[in-house]
Amino acid sequence: MSSPYLRRRITNALAMVMSTLATLVGLAFLAWILWETLRQGISALDLKLFTKITAYGESGGLANAMVGSLIINFIGIAIATPIGVLAGTWLAEYADRTRLGESIRFLNDILLSAPSIVMGLFVYTIIVLPTTVLTHGSTTFSGFAGGVALALIALPVIVRTTDEMLRLVPSTLREAALSLGVPQWKLTLQILIRAARSGIITGVLLALARISGETAPLLFTAFGNNYMAINPIEKMSSLPQIIYQYANDPGDAMHALAWAGAFVITMFVLLLSLASRLILSRTKVSHD
Amino acid sequence: MPANQAALPIDILEQRSHRDARHERLFRWLLKGCALIVLASLLGAAGATLWGGREAFSAFGWHFLVSSAWDPGNDVYGAVVPVYGTIATSLIALLIAVPISFGIAVYLSEVAPAWLRTPVASAIELLAGIPSIIYGMWGLFVFAPFFANHIKPWLTNNLGNKPDDGKLSWVAEHVPFVGKLFGSDYPFGASILVAGIVLAVMIIPFISSVMREVFQTVPTRLKESAYALGSSTWEVSWDIVLPYTRSAVIGGIFLGLGRALGETMAVTFVLGNAMHLSASLLDPGASIASTIANQFSEATGLQKSSLMALAFLLFVVTFVVLLIARLMLRQLARKEGR
């Protein structure tokens, strides 16, 4: 065997081994993180997590944080879904290949990975500061402000999936409806969005998965509350915020509670992404 | 129906088409308004942080960008410490994540048997779905102690200028800078290096999935021609696939960098939050996002304004990085005729 040939074979074998190792390293970190979350989370699971509030500290639970998370996420999704779906529709149906449309699509992609803490400060400036001034300090941080901050993070996800899903709808469907004299708004609302429905729902679920773990934008908007708060104009606790607070606490019992919260969030997010994957794969089959 | 419609008086038909046109216009404006909200949130975030930071900018001027002071006692603030921490952690993350992501992408597109590709790819993508606060907790409670017990002693003894046993290693004595980079007498794990490693784990799935996607756009005939000429798998990956997808690969790397720069929670937990400059990667530091997360709720006056100014800097820098990323990624899409 000539030496350049041998050298090439060795280089190739080395590269193959390195790439396999790289994959194993990635998978090892995934396994390590999931394993620790499961182990520490399950050992801290307890019924009082769901029944007691954080005001009891070490002997308390996370009930108010879970309720707060649900409310804030609900507000976020309720604001982002209509706006995101309509904006995505505009990009796909009305502004495809126009300059403004292309720029907004481009900027939306950038917004997808914009730093979430800056979004939190933005909402702090436009909602928390004005409400503080208007109510003379009786309403400052609020669950609603947290919801708006999360909506700003969910919005680009929903815009993008709606845009992509609508562009997958065959144009024969549009032509058939238009040739029957259906006005375009009716075509869009009653035919196109319906045809792309499962894809759009997937987008909303992905957006929910994305925002349910967000912590940074909630620190200066919903702030946190050791008592049960249902009214969105009050300060509100949330699971990620409580995890952040408890993990920085020196007590071991607090750490266990934080792990339990981390376990709940991880399970929720994994189930959501599993559900969205299932919905998407089922639609693909039905289209074939 | 057609017979009925023909019998309708002409003015009803006209009314109907007027109504349709009106609805159409309204609908169009509604949709456009929603799309403009996307634009408004981007401009608003930049505007709000700039407006919030105006006191700091006017009080310190350009000095804000070059001062390493962060002294709430004397009300003097500068951006250098958090900016250095942000850049250092992100660069470490890239140094680790780029080769690993490239390896994963090559493995998934060229090396792995076909039945293994989808499950491994979904597992790696699962990493991208884990919330950043979970990375933070894992970093704080699991990885940082592990690092402090097993990796850090080796680094300080063999590379650093402050070894535990007082004996300088050959590397620390003869190679410039290395000794300073790895010298530390700080006993805990939380440090710039650990934050960089945790960030690397976070951005690996983003970079590797972009790389894998663009590797799949390489025309099969190009690869097959190279194989037919006797190229090895590695030579096809390095000399054919990588040059063909170069711009998109760089785009993917910048996308990862954009994520790393703005990440808050994963970094805040493992950076140690020390507002002073240290040459050592094993000492604690601060990033823009971690400084804001730690100090904003208790800050008032000039400190609050300085934090807002930091947020503005972060937003502008990530915007530019992500802009480059998207432009690079679009080049390949153009080539594909999409």
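Note that the coordinates shown come from a computational prediction; the quantities given were computed from them, not determined experimentally.

## Some points on the overall build of chain A
From N to C terminus, chain A includes 11 helices and 0 strands. Secondary structure elements in chain A, listed N-terminal to C-terminal, are α-α-α-α-α-α-α-α-α-α-α. In summary, chain A has a C-alpha radius of gyration of 24 Å against a globular reference of 19 Å for 288 residues, an excess of more than 25%. Taken along its principal axes, the extent of the C-alpha atoms in chain A is 75 × 60 × 35 Å. Summarising the internal contacts of chain A: among those between residues at least 6 apart in sequence, 77% fall at separations of at least 24.

## Some remarks on the overall build of chain B
The helix and strand tally for chain B stands at 16 helices and 2 strands. In terms of overall size, chain B is more extended than a compact globule, its C-alpha atoms giving a radius of gyration of 27 Å where 338 residues would be expected to give roughly 20 Å. Reported as C-alpha extents along the three principal axes, the dimensions of chain B are approximately 105 × 65 × 35 Å. Looking at chain B as a whole, 47% of its 338 residues are labelled buried. Taking the contacts inside chain B whose residues are at least 6 apart along the sequence as the reference set, 73% of them involve residues at least 24 apart.

## Structural notes on unusual backbone geometry
All names here are of chain A. The backbone of Arg97 sits at a positive phi, close to 70 degrees, despite the residue not being glycine. Among the structural elements, Arg97 can be located in the loop between α3 (63-94) and α4 (99-112). At Phe223, a position not held by glycine, the phi torsion is positive, near 70 degrees. For Phe223, the location among the structural elements is in the loop between α9 (197-212) and α10 (239-247). By the C-beta count within 10 Å, which is 22 here, Phe223 ends up buried.

## Considerations on the interface of chain B and chain A
Many analyses report the size of an interface as the accessible area lost when the parts associate. Contact with chain B, which involves 68 residues of that partner, is made by 70 residues of chain A. A total of 20 residues in the side of chain B that touches chain A trace back to one element, the largest contributor, which is helix α2 (residues 10-52) of chain B. Grouping the amino acids of the side of chain B that touches chain A by side-chain chemistry returns 47 nonpolar, 15 polar and 6 charged.

## Details of the environment of B:Tyr244
All names here are of chain B. Relative to the assigned elements, Tyr244 resides in helix α12 (residues 233-244). Overall, the presence of 19 C-beta atoms within 10 Å leaves Tyr244 in the partly exposed class. A C-alpha to C-alpha distance of 9.5 Å links Tyr244 and Pro219, two positions 25 residues apart in sequence. Residues in contact with Tyr244, not counting those within four places in the same chain, are Val218 and Leu222.

## Observations regarding the confidence of the model for chain B
Here chain B shows a mean pLDDT of 89. Residues at 70 or above account for 96%. Across the interfaces of the predicted complex, the ipTM metric reaches 0.92, alongside a pTM of 0.92.

## Describing the nonpolar core
Of all hydrophobic cores here, the largest spans 184 residues; its most connected members are A:Ala154 and B:Val198. Examining the composition of this core, we find that 18 residues originate from one element, helix α10 (residues 192-215) of chain B, more than from any other. Excluding anything up to four places from it in sequence, B:Val198 contacts B:Tyr135, B:Gly139, B:Phe143, B:Ala266 and B:Val270.

## Section: helix α1 (residues 3-43) of chain A
Taking 1.5 Å of rise per residue, the 41 residues of α1(A) would be expected to cover 60 Å, and the 58 Å separating its terminal C-alpha atoms lies within 8% of that figure. The set of residues buried in α1(A) consists of A:Ala15, A:Ser19, A:Ala22, A:Thr23, A:Gly26, A:Phe29, A:Ile33, A:Thr37, A:Gln40 and A:Gly41.

## Description of the packing of helix α5 (residues 80-111) of chain B against α10(B)
Residue and element names in this part refer to chain B. Where α5 meets α10, the closest approach of the two axes is 6 Å, and the angle between their N-to-C directions is 40 degrees. Judged by the angle between their axes, α5 and α10 are oblique. By crossing handedness, the relation of α5 to α10 is classed as right-handed. Within the contact of α5 with α10, the residues separate by chemical class into 22 nonpolar, 7 polar and 1 charged.

## Brief notes about the environment of A:Thr266
Counting through the fold element by element, A:Thr266 comes out in helix α11 (residues 252-287). Separated by 99 residues in sequence, A:Thr266 and A:Arg167 place their C-alpha atoms 32 Å apart. A:Thr266 has contacts with A:Thr37, B:Ile130 and B:Ile134, leaving out every residue within four places of it along the chain.

## Re the environment of A:Phe144
All names here are of chain A. Within the secondary structure layout, Phe144 lies in helix α6 (residues 143-168). Taking the C-alpha atoms as reference points, Phe144 and Pro232, 88 residues apart in sequence, are found 5.1 Å from one another. Residues within four places of Phe144 in sequence aside, it is in contact with Ile75, Pro232 and Ile233.

## A word on helix α13 (residues 246-262) of chain B
With 17 residues, α13(B) extends 25 Å between its outermost C-alpha atoms, agreeing within 8% with the 24 Å of an ideal straight helix rising 1.5 Å per residue. Taking burial as the measure, the 17 residues of α13(B) include 14 buried ones, the bulk of the element.

Rules used throughout
- Residues numbered from 1 in each chain as written.
- Chains lettered and ligands numbered in written order.
- Predicted model: local features only at pLDDT ≥ 70, side-chain atom pairs only at ≥ 80, totals over all residues.
- Helix = DSSP H or I, 4+ residues; strand = E, 2+ residues; numbered from the N terminus.
- Rg over C-alpha atoms; globule rule 2.2 N^0.38 Å.
- Contact = placed C-beta atoms within 7 Å.
- Buried ≥ 20, exposed ≤ 12 C-beta atoms within 10 Å, placed from the backbone.
- Nonpolar A, V, L, I, M, F, W, Y, C, P; charged D, E, K, R; others polar.
- pLDDT = per-residue confidence, 0-100.
- Core = buried A, V, L, I, M, F, W, Y, C linked by C-beta atoms within 7 Å.
- Expected span 1.5 Å × (residues − 1).
- Axes fitted to C-alpha atoms, helices over the stretch in contact; angles between N-to-C directions.
- Parallel < 35°, antiparallel > 145°, perpendicular 65-115°, else oblique.
- Left-handed = near helix turned anticlockwise from the far one by under 90°.

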